[in-house]
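# Structure at a glance
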Amino acid sequence: MRLLVLGGTGFVGGTVAREAVQRGHDVTCTARGVTGSPPGGVRLVRIDRDAPGALEPLAGAEFDAVVDVATGSHPWVAEAVRTLGPRAGHWTYVSTINVYADTATPGQSPGSELRTPLYDTANTSDGDPGAYGRVNVASEDEVRDKLGDRAFVVRPGLITGPGDTMDRFGYWPARFARGGRVLVPDTPEQPIQYIDVRDLAAWIVDAATTGRTGTFDGIGQSMALRDLLEGIAAAVGEPVEMVAVPAEDLERAGVDPWSGPHSLPLWLPPSHYGLASHDARPSLEAGLRPRSLHDAALGALEHERALGLDRPRQAGLSPEEERAVLEMLERSS
C-alpha cells in the first residue's frame, strides 16, 4: 500500500507512519520538520501547509490511502482534499472528541449533536473555547462532502502512549513511580476514557488496508477515574498512599482540573463528564482493539522515564506544589 501521512513527524501521525512501515507499506510523510524526525523507512517531503500551494509537490502523485491529522485548520484540510483527493484512495481524517456540542451527557456516539462549524483556524478564534472542536466539525464536513464513501473519520478523546506531549495521562504513572503520599481527586462518580496511540494507529492502518469507512469515536471503554488511577498504580508497583481530596477542597487550594500548570490531570468537573464517557461499542465493533490499562500505563511510564521524571511538566503538580497543597489541606481540616 502507498500511504501518505500529512503530519507524519508528530505524536499521532508519526505513530501511524511507524506502524505502516513495520507492516511493509510504502510510506510518505509531509511535515515542516520542526516537531521531530520521521520514523525510519519513510520518505519525508518538507512542506509548510500555511504557505500557498504547499501541497503542489504532491499534486501528481497517487496514493492508496491518505491520513490527515490537521486538527487545527479547516483551510489545510480543504486544500489537501482539493489537491490530493482526486488521486487518493482511502482517506482518514483524525478529528477530535471535542466536536460534540454536549459535554455533560454520558453515552454519546457519532450520531450525537455537533458544534457549529468554524471555517477558520483555532488560532484565530477570538477566545472561543469551543473553536478547536468547531474547526474540526468544518474539516470533517469537508472530507465527507468531497470524498464520500472513501472517508474514515476518527474522533479520539484522551490519547496516551509513547510520544505523548500533553503530560496528562503520563503524570500519573510518573507520580506513582515516586511512591509515597499521592494527592488524588475524590470524585468517585467521574468517568474517564483514553486510547493508547499505538492502538489508534493500528486501527487507522487497518482501516486504510481494508477500506473501512464511516465516522467513529477513537476511544476505549469508559471507567471510573478512581479505577483508572488504582490500575495505573498497580501497574507501576511502587508503594503509595492515595490521599483523596474532594473537588471543592482542591478548588479552594487553587488546583485546576484536567491539564495545565498546578493541576490534577484527568480530573473533570461534572459539566464535562460526557467527554469522558462516550459509547465505545461502535468503534470496538469496527475493529479498534485497546490494550490493557496495565500495558498502557507501563508504556506511558517508559516514555516518562525517557523524558525525565523530574522535568518541568505542561500538566500536573510538581513535588513541591503537591506537598504544599497536602500540608495546607491538613492544616485546614
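Everything numeric here is computed off the predicted structure, so don't read it as measured data.

Calculation criteria
- Residues numbered from 1 in each chain as written.
- Predicted model: local features only at pLDDT ≥ 70, side-chain atom pairs only at ≥ 80, totals over all residues.
- Heavy atoms only, no water.
- Helix = DSSP H or I, 4+ residues; strand = E, 2+ residues; numbered from the N terminus.
- Expected span 1.5 Å × (residues − 1).
- Buried < 20%, exposed > 50% of the residue type's maximum accessible area, 1.4 Å probe, protein only.
- Arc of directions from axis to C-beta.
- Salt bridge = Lys/Arg side-chain N within 4 Å of Asp/Glu carboxyl O.
- Patch = residues over 30% accessible without salt bridge, like charges linked within 9 Å, V, L, I, M, F, W, Y side chains within 5 Å.
- Areas by Shrake-Rupley, 256 points an atom, 1.4 Å probe, with all protein chains shown as cover.
- Lys, Arg positive; Asp, Glu negative; His and termini not counted.
- Charge placed at Lys NZ, Arg CZ, Asp CG, Glu CD.
- Pairing = 2+ DSSP bridges.
- Right-handed = clockwise from strand over helix to strand, strands pointing away.
- Phe/Tyr/Trp six-rings, centres within 6.5 Å; stacked < 30°, edge-to-face > 60°.
- Axes fitted to C-alpha atoms, helices over the stretch in contact; angles between N-to-C directions.
- Contact = heavy atoms within 4.5 Å.

Further remarks concern the environment of G40. Along the chain, G40 turns up in the loop between β2 (26–31) and β3 (43–46). In this structure, the C-alpha to C-alpha distance between G40 and V21, residues 19 residues apart in sequence, is 8.1 Å.

In this section: helix α6 (residues 225–236). Here α6 is 12 residues long and its end C-alpha atoms lie 17 Å apart, about the 16 Å a rise of 1.5 Å per residue gives. Turning to α6, its buried residues number three or more, namely L225, L228, L229, I232, A233, A235 and V236. Down the axis, α6 shows its buried residues gathered within 160° of arc, on one side only. Where α6 terminates, the next one or two residues include G237, which has phi positive at roughly 85°.

Summed over all chains, the structure comprises 23 salt bridges. In this structure, the salt-bridge partner of D128 is R134, at a minimum N-O distance of 2.6 Å. R181 is the partner of E241 in a salt bridge, and the nearest nitrogen-oxygen pair spans 3.6 Å. Remark: R181 occurs in strand β8 (residues 180–186) and E241 occurs in strand β13 (residues 240–246); sequence separation between them is 60 residues. Overall, the relative accessible area of 42% leaves E241 in the partly exposed class. Overlapping salt bridges, with partners in common, bring together E140, D141, R144 and R155 in one network.

With that out of the way, let us pick up a negative patch on the surface. A cluster of acidic residues, D186, E189, E248 and E251, forms a negative patch on the protein surface. Checked against the element boundaries, D186 lands in strand β8.

A few words now on the pairing of β2. With respect to burial, β2 is a largely interior element, 5 of its 6 residues being buried. Bridge count between strand β1 (residues 2–6) and β2: 5 bridges; the pairing is parallel. Paired with L6 across the strands is T30, a residue of β2. Between β1 and its parallel partner β2, the chain crosses via helix α1 (residues 11–22), and the hand of that crossover is right-handed.

Our next topic: the packing of aromatic side chains. Enumeration over the complete set of coordinates arrives at 6 aromatic pairs. Seen in terms of ring centroids, F169 and Y194 are 5.2 Å apart; in terms of plane orientation they differ by 50°. Their pairing is tilted. With F169 in the loop between β7 (158–160) and α4 (171–178) and Y194 in strand β10 (residues 194–196), this residue pair connects regions lying 25 residues apart in the sequence. Under the relative-accessibility criterion, F169 is labelled buried at 0%. Taking 4.9 Å as the distance between ring centres and 85° as the angle between the ring planes, the aromatic pair formed by Y171 and W172 counts as edge-to-face. Overall, W172 belongs to the buried group, its relative accessible area being 0%. Each residue in the set F152, W203 and F216 is aromatic and connected to the rest through ring pairs, giving one cluster.

If you walk across this open sheet you meet the 7 strands as β3-β2-β1-β4-β5-β6-β11, and the pairing is parallel. Each edge of the open sheet carries a strand with a single partner, namely β3 and β11 (214–218). Going from strand to strand, the sheet's axes swing by 20° on average, the running direction of each strand aside. Across 4 bridges, the pairing between β2 and β3 is parallel. Of the residues in β3, the one forming a bridge with C29 is L44. Helix-sheet contacts for helix α2 (residues 74–84) involve β1, β4 (63–68) and β5 (88–94), and the interaxial angle to β5 is about 170°.

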